[in-house]
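Next come the chains, spelled out residue by residue.
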Amino acid sequence: MLTSTALVLMMTIPGLGLFYAGMVRKKNVLATVMQSFAITCLVTVLWMIIGYSLAFTEGSANAYLGSFSKLFLAGVGAETTNSLAATIPETVFIMFQMTFAIITPALICGAFADRMKFSALMWFIGLWLLFVYCPIAHWVWGGGFLGSAGVLDFAGGTVVHINAGVAGLVCALVLGKRKGYGTVSMAPYNLVYAYIGAALLWVGWFGFNAGSAVASNALAGAAMINTQVATAAAALTWMFAEWIITKKPSVLGIVSGAVAGLVAITPASGFVNPTGALIIGIIAGVGCYIAAVHVKKALGYDDSLDAFGVHGVGGIIGAILTGVFADAAVNPLGKDGSVMTQIYGVGVTLIYTAIATLIILYIVKAVVGLRPSEQGEEEGLDITLHGETVQ
């Protein structure tokens, strides 16, 4: 579990930071890596102070939220455990769940890359963690009403990916398009960075999915092989779809497909067999390619780095297909797998996240504003917000 926790932290820093930084323009590279790093620090502190208590303790309204009983980790000691993970020290469970809480809001940044003020980002992420992530984590994993209803989410399809993807779409719509979107070249600065970031995400994801078994056992092994198979299948599917349509298989395409596969298998990884994982990966590769490339273009919204197209759509595909392919031979909980229950979980997450994110954005807009000046955006966020540039 210590190793899995470190792997999940690696997914954000350096993985996601490099993945996103490689896809923005050179003038926004530092601002982009700064987002992942600063979010890691902010969420760590908020999780220790209040986030863990809200998400993973029992409250008076336990179906919806935890309590304040473990503010500043009060009562957590060398011998304490959480009943949700009774085989490991509570400190390790807190850390493992903290790394999930870190990467989820960091994923949202892909939707508004190049165009949010850093002050607005810090306010938005802090509020979003407490009012969106913590409640939904409690609903699904902490004893809340979605988990009790039988919604299956092994490692974060609803809690992490649908949650972040939908929030990203709302952010993209509220902030509006990047200056020059559709008329100015916005080609990625360095696809080698994106490749390295995606590779780190893939390796780190074994901590994410296999680690969610909270034991070194057969279930962790199943989650691991399912993760590998689905990721490879989705990467190949995206690559071949792009190859057929544009006549060239791109590095950006194959790594985006891999991330789509990682996302889609996340909720299913500890519930399906490898054949189910293969099918989920193939469907995710096609579905996310269509969403990220063609649907986005047709509808005209500017989801800069496809946070919704990959994480939102991939998460929805994976969550629903978990109900289709859940196998009781892999995990006894899979015997109750239901497509309608999964759709219910997806729907609740979509609606709550969209509304809450919208409210938080308008509060932050009223307090500090969301976007830098047009001139600042033109010059680049690196120099205007952070006073630094990549030479």
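Let me begin by describing the structure that accompanies this report. These numbers were taken from a predicted model, which means no experiment stands behind them.

### A short note on helix 12 (residues 339–367)
Because each turn of an α-helix spans 3.6 residues, side chains separated by three or four positions end up pointing in the same direction.
Then, number 1: Taking 1.5 Å per residue, 29 residues should reach 42 Å; helix 12 reaches 42 Å between its end C-alpha atoms and fits that length.
Then, number 2: The complete set of buried residues in helix 12 reads Thr341, Gln342, Gly345, Val346, Val348, Thr349, Thr353, Ala356, Thr357, Ile360, Leu361 and Val364.
Then, number 3: In this structure, the buried side of helix 12 is in contact with helix 4 (118–141), helix 5 (145–148), helix 6 (157–175) and helix 11 (307–325).
Then, number 4: Among the residues of helix 12, the N-terminal cap falls to Ser338, whose side-chain oxygen and the backbone nitrogen of Met340 are separated by 3.3 Å.

### Here we look at empty space enclosed by the protein
Then, number 1: Following the criterion strictly, the structure yields one cavity of 30 Å³ or more and no others.
Then, number 2: Looking at the largest cavity, its volume works out to about 30 Å³.
Then, number 3: Among the secondary structure elements, those contributing two or more residues to the lining of the largest cavity are helix 2 (29–56), helix 4 and helix 14 (381–386).
Then, number 4: In terms of residue count, the dominant contributor to the lining of the largest cavity is helix 14 (three residues).
Then, number 5: Per-class residue counts for the lining of the largest cavity are six nonpolar, two polar and one charged.

### Quick word on the packing of helix 2 against helix 4
Then, number 1: With their axes 9 Å apart at the nearest point, helix 2 and helix 4 run at an angle of 40 degrees to one another. Relative to helix 4, helix 2 is oriented oblique. Here helix 2 and helix 4 pass one another in a crossing that is right-handed.
Then, number 2: Its residues placed into classes, the contact of helix 2 with helix 4 shows 21 nonpolar, four polar and no charged.

### Topic: the packing of helix 8 (residues 218–246) against helix 9 (residues 251–265)
Then, number 1: At a closest axis distance of 7 Å, the pairing of helix 8 and helix 9 adopts a crossing angle of 140 degrees. With respect to helix 9, the axis of helix 8 lies oblique. For the pair helix 8 and helix 9, the crossing hand works out as right-handed. In this structure, helix 8 contributes Asn226, Thr227, Ala230, Thr231, Ala234, Ala235, Trp238, Met239 and Glu242 to the contact, and helix 9 contributes Gly253, Ile254, Ser256, Gly257, Ala258, Ala260, Gly261, Leu262 and Ile265.
Then, number 2: Of the residues that constitute the contact of helix 8 with helix 9, the class distribution is ten nonpolar, seven polar and one charged.

### Focus: the environment of Gly300
Then, number 1: Note on placement: Gly300 falls in the loop between helix 10 (274–299) and helix 11.
Then, number 2: C-alpha separation for the pair Gly300 and Tyr181, spaced 119 residues apart in sequence, amounts to 9.9 Å.
Then, number 3: Once you skip the residues sitting within four places of it in the chain, Gly300 turns out to touch Lys177 and Tyr181.

### Some words on the layout of surface pockets
Then, number 1: In this structure, the largest pocket spans a volume of roughly 790 Å³.
Then, number 2: Taken together, 31 residues make up the lining of the largest pocket; nearest its centre are Leu252, Ala292, Lys296, Ser304 and Asp306.
Then, number 3: Residue assignment for the lining of the largest pocket shows that the elements contributing at least two residues are helix 1 (2–23), helix 8, helix 9, helix 10 and helix 11.
Then, number 4: Counting residues per element, the lining of the largest pocket draws most heavily on helix 10, which supplies five residues.
Then, number 5: Among the residues forming the lining of the largest pocket, the class breakdown is 17 nonpolar, eight polar and six charged.
Then, number 6: Lining of the second largest pocket is provided by 24 residues; of these, Val140, Trp141, Asp153, Phe154 and Leu333 occupy positions nearest its centre.

### What to know about the pattern of salt bridges
Then, number 1: The full count for this structure, using the stated rule, is nine salt bridges.
Then, number 2: A salt bridge links Arg178 to Asp302; the shortest N-O distance between them is 2.9 Å. One end of the pair, Arg178, is in the loop between helix 6 and helix 7 (191–209); the other, Asp302, is in the loop between helix 10 and helix 11, with 124 residues separating them in the sequence.
Then, number 3: Overall, Arg178 belongs to the buried group, its relative accessible area being 10%.
Then, number 4: Asp302 sits in the buried class, given a relative accessible area of 1%.
Then, number 5: Of the charged contacts, one joins Asp306 and Lys296 as a salt bridge, the two residues approaching to 2.9 Å between their closest N and O atoms. On the criterion of sequence distance, the pair formed by Asp306 in the loop between helix 10 and helix 11 and Lys296 in helix 10 is long-range, its members being ten residues apart. The same class applies to Asp306 as to Lys296, namely buried.

### Digging into the side chain of Asp382
Then, number 1: With respect to the secondary-structure elements, Asp382 resides in helix 14.
Then, number 2: Look at Asp382: it is buried, it has no salt bridge, and the nearest opposite charge is Lys26 at 9.1 Å.
Then, number 3: Leaving out residues up to four positions away in the same chain, Asp382 has contacts with Lys26, Lys27, Asn28, Val29, Leu30, Ala31, Gly387, Glu388 and Val390.

### Side note on the side chain of Thr32
Then, number 1: As for its position among the elements, Thr32 is in helix 2.
Then, number 2: Each residue touching Thr32, except ones within four places of it in the same chain, is listed here: Tyr20, Ala21 and Val24.

What counts and what doesn't
Residues numbered from 1 in each chain as written. Predicted model: local features only at pLDDT ≥ 70, side-chain atom pairs only at ≥ 80, totals over all residues. Heavy atoms only, no water. Helix = DSSP H or I, 4+ residues; strand = E, 2+ residues; numbered from the N terminus. Expected span 1.5 Å × (residues − 1). Buried < 20%, exposed > 50% of the residue type's maximum accessible area, 1.4 Å probe, protein only. Contact = heavy atoms within 4.5 Å. Polar contact = N/O pair within 3.5 Å; in protein donor to acceptor, adjacent residues only side chain to side chain. 1 Å grid on protein atoms, 1.4 Å probe; cavity = no way out; pocket = protein on both sides within 12 Å on 5 of 7 lines; lining within 4 Å. Points joined across faces, edges and corners; volume = space filled by probe spheres on them. Nonpolar A, V, L, I, M, F, W, Y, C, P; charged D, E, K, R; others polar. Axes fitted to C-alpha atoms, helices over the stretch in contact; angles between N-to-C directions. Parallel < 35°, antiparallel > 145°, perpendicular 65-115°, else oblique. Left-handed = near helix turned anticlockwise from the far one by under 90°. Salt bridge = Lys/Arg side-chain N within 4 Å of Asp/Glu carboxyl O. Lys, Arg positive; Asp, Glu negative; His and termini not counted.

Geometric values such as these leave the question of function open.
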